[in-house]
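Examination of the molecular architecture
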Amino acid sequence: MLEQEHKGQLGGSPTFAVLEKARIETLKASLRGELFQPDDEGYNAARKVYNAMIDKHPALIVRCADVADVIAAVNFGRENGLLVSIRSGGHISTTGVGGLTLGGGLGHLTRKCGLAIDNLIAADVVLADGRFVTADERHHEDLLWALRGGGGNFGVVTSFVFKAHPIHTDYAGPMLWELDQAPEVMKWYREFIRQAPDDINGFFLFLVVPPGPPFPEHLHNKKMCGVVWCYTGPLEKAEETFKPIRGFLTPALDFVGPIPHPALQSMFDPLYPPGLQWYWKADFVNELSDDAIRLHVKHGSQLPTMQSSMHLYPVNGAAHRVGKNDTAWSYRDATWAEVIVGVDPDPANKDLIVDWARKYWEDLHPYSAGGAYVNFMMEEGEERVKASYRDNYERLAAIKSKYDPANFFRVNQNIKPTT
Ligand SMILES: Cc1cc2nc3c(=O)[nH]c(=O)nc-3n(C[C@H](O)[C@H](O)[C@H](O)COP(=O)(O)OP(=O)(O)OC[C@H]3O[C@@H](n4cnc5c(N)ncnc54)[C@H](O)[C@@H]3O)c2cc1C
C-alpha cells in the first residue's frame, strides 16, 4: 500500500479543485488496485496502521496491486507535489517483509542465518522519478548496498529475492523466572549468549504474564523475566543442549519444546492485536555491566501495563561475521539490540507508557553503544539516525543524492541527500 499525505496543495479555487478531481479520476482509472479518498467507504480501515498512536489522514491512499500501480502512484505524488509515505505490511508474525527487511531484519534465526538483509540477493525498486530498476550484485550495486539496512529511503521495493534456509521444526519457546532472580538470570545470560553455538538464539525479556491459558493461573499478571529460545540444530540433540540452560537455575515456567517454526513466529500474536498504543525506545548494546543490570531490573520491575516489555535481541553469531561496511547496517559489533516498548490499548494511558519507556531508556542509554536499530525507533531526529548508521551515513547520503535527490521518500528514518 502506498499512502499520500495532503501537503496543502489540493483544494483551493474551484477550477483547481475540478482539475484535481479530474486528475484523481484519471489516476484511479489507470490502477488495477484501489484508491481511497476521505469520503470513500473503506478509507478509515485503509488509513489505520498497526500502532494506534500514529493517526494520519492521508488525502489519498493507493492500494497498489502491481508494479504499474506503484509507478503510477509515485509519478502522481511527485507531479502533484504530495508528501508520500510507503506502507507495506502488518505486524507480528505478519510484520511486513518490506519494512522489516529494509531496516535490517532481526529474528529467531539471526545468530544462525544473519539478518534478513544478509540473505537479500536482489530487489526490484520503483525510484522517485518513476523508473523501475533491479538492484543486485551486477546492477545498481550501490542501491542494493543501501537497501540492506537503509530503510524506505531509496524507492518502493516491489519484490525481494532472498537466500532460503531449510528450517522446519525448532526446539523453542519461553522460559520464565521470578523477578527477584532477574540479576542472576541476566548475568548468566550475558555470558551464555556470547559463546553459544549459532544454532541457539535466545532473547531476554521482562514481561507481565498474560492472564489466560496456556499460562498457569498462579503466574497470571505476574511480572517476570525470561528468555525466548529458538534452537535450530539437530532435534535429537536438543534435550542435551538445553541441559546446562535448565540446570543453571530451574525456571518457574518452561514452555521450550519441539514446535514448527511458523508456530513460534506467531506465538505472541494473540497478545498484540492491531490498534494498541505503542511507544518505542531503543539502543544497541555491547556490554551488560552489573550496573546496567541493576537499572534494567529496577525499570523491568515497574512495567506499567500488561503488554509493555523490554527485549534484548542478540545480534551476534552469523550477524557478526558480516563487515560493518558491507551493508548499510553498521552495528555489526553490537551484542544486542535493546528495545523498550510501552504498550496499552487505552489512549488514556499514553503518558504512563511513554514516561516509563523514556525513563527506562534515559537510565540505560549511557551504557549503550550509541545508535539504535532503526526499526525499533520512532521519530527521534537527524542526529539519532546518523548515530545509527555511523560511518555508513555519508555513503548512504551520497546514494540518496543519486537515486532520490529531492528527498521524495522522506517519511521514514530519513537519510538526507548531500546535494
Ligand atoms: C509487534 C512487533 C514485533 C516486531 N518484531 C520485530 C522483530 O522481531 N524483528 C525486527 O527486525 N523488527 C521487528 N519489529 C519492527 C519492524 O521491523 C518494523 O516495525 C518494520 O518497520 C515493519 O515493517 P512493515 O513493512 O510491516 O511496516 P510498514 O509500516 O508498512 O512500513 C514501515 C516503513 O518501512 C518502509 N517500507 C515498508 N515497505 C516498503 C517497501 N516495499 N519499499 C520501501 N520502503 C518500505 C517505509 O519507510 C515504511 O514507512 C516489530 C514490530 C512490531 C510492531
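The structure under discussion appears in the preceding block.
Here we summarise the structure given alongside this text.

1. Notes on the nonpolar core
Grouped together as the largest cluster of nonpolar side chains are 44 residues, with contacts concentrated most on Met186, Phe204, Phe206, Trp229 and Phe242. Excluding its chain neighbours within four sequence positions, the residues that come into contact with Phe242 are Tyr171, Met175, Trp229, Tyr231 and Val256. One finds Phe215, Tyr272, Tyr313 and Tyr373 within the second-largest nonpolar core, a separate group that totals 34 residues.

2. Comments concerning helix α10 (residues 290–300)
Where α10 is concerned, the buried positions are Ala292, Ile293, Leu295, His296, Val297, His299 and Gly300. At its buried positions, α10 is contacted by α7 (182–195), β9 (200–208), β14 (309–314), β15 (336–344) and α11 (350–364).

3. Observations regarding the environment of Ile353
Tracing the chain through its elements places Ile353 in helix α11. Under the relative-accessibility criterion, Ile353 is labelled buried at 0%. Along the sequence, Ile353 and Trp280 sit 73 residues apart, while their C-alpha atoms lie 9.6 Å from each other. Dropping the residues within four chain positions of it, Ile353 is found in contact with Met53, Gln277, Pro304, Thr305, Ser308, Gly342, Val343 and Asp344.

4. Here we look at the pattern of salt bridges
Summed over the entire model, instances satisfying the criterion amount to 25 salt bridges. Residue Asp363 pairs with Lys298 through a salt bridge whose shortest N-O separation is 3.5 Å. Here Asp363, found in helix α11, pairs with Lys298, found in helix α10; they are 65 residues apart in sequence, far enough to count as distant. Each of the salt bridges in this network shares a partner with another, and the network as a whole consists of Lys281, Asp283, Glu380 and Arg384.

5. A closer look at the side chain of Thr327
Mapped onto the elements, Thr327 comes out in the loop between β14 and β15. Looking at Thr327, the relative accessible area reads 4%, which means it is buried. Dropping the residues within four chain positions of it, Thr327 is found in contact with Ile117, Asp118, Trp145, Arg148, Val322, Arg332 and Asn392.

6. Concerning the packing of aromatic side chains
Inspection of every chain in the model, using the stated rule, returns 25 aromatic pairs. Between Trp229 and Phe242, the aromatic rings sit 5.8 Å apart at their centres with planes inclined by 85°, giving edge-to-face as the arrangement. Taken as a pair, Trp229 in strand β10 (residues 223–231) and Phe242 in helix α8 (residues 238–248) lie far apart in primary sequence, 13 residues in all. With respect to burial, Trp229 and Phe242 carry one shared label: buried. Centroid distance Tyr272 to Trp278: 5.2 Å. Interplanar angle 45°. Geometry classified as tilted. Judged by its relative accessible area of 7%, Trp278 is buried.

7. So, the state of the cysteines
Using the criterion set out here, one finds 0 disulfides in the structure. Between Cys230, a cysteine without a disulfide, and Cys113, which holds the nearest cysteine sulfur, the sulfur-to-sulfur distance is 9.3 Å.

8. Points about the environment of Asp69
Of note, Asp69 is situated in helix α3 (residues 67–79). Look at Asp69 and you get buried, because its relative accessible area is 1%. Through-space distance from the C-alpha of Asp69 to that of Gly33 is 6.9 Å; in sequence the pair is 36 residues apart. Contacts of Asp69, omitting those with residues within four sequence positions, involve Ser30, Leu31, Arg32, Gly33, Arg63 and Cys64.

Calculation criteria
- Residues numbered from 1 in each chain as written.
- Predicted model: local features only at pLDDT ≥ 70, side-chain atom pairs only at ≥ 80, totals over all residues.
- Heavy atoms only, no water.
- Core = buried A, V, L, I, M, F, W, Y, C linked by side-chain atoms within 4.5 Å.
- Buried < 20%, exposed > 50% of the residue type's maximum accessible area, 1.4 Å probe, protein only.
- Contact = heavy atoms within 4.5 Å.
- Helix = DSSP H or I, 4+ residues; strand = E, 2+ residues; numbered from the N terminus.
- Salt bridge = Lys/Arg side-chain N within 4 Å of Asp/Glu carboxyl O.
- Phe/Tyr/Trp six-rings, centres within 6.5 Å; stacked < 30°, edge-to-face > 60°.
- Disulfide = S-S within 2.5 Å.

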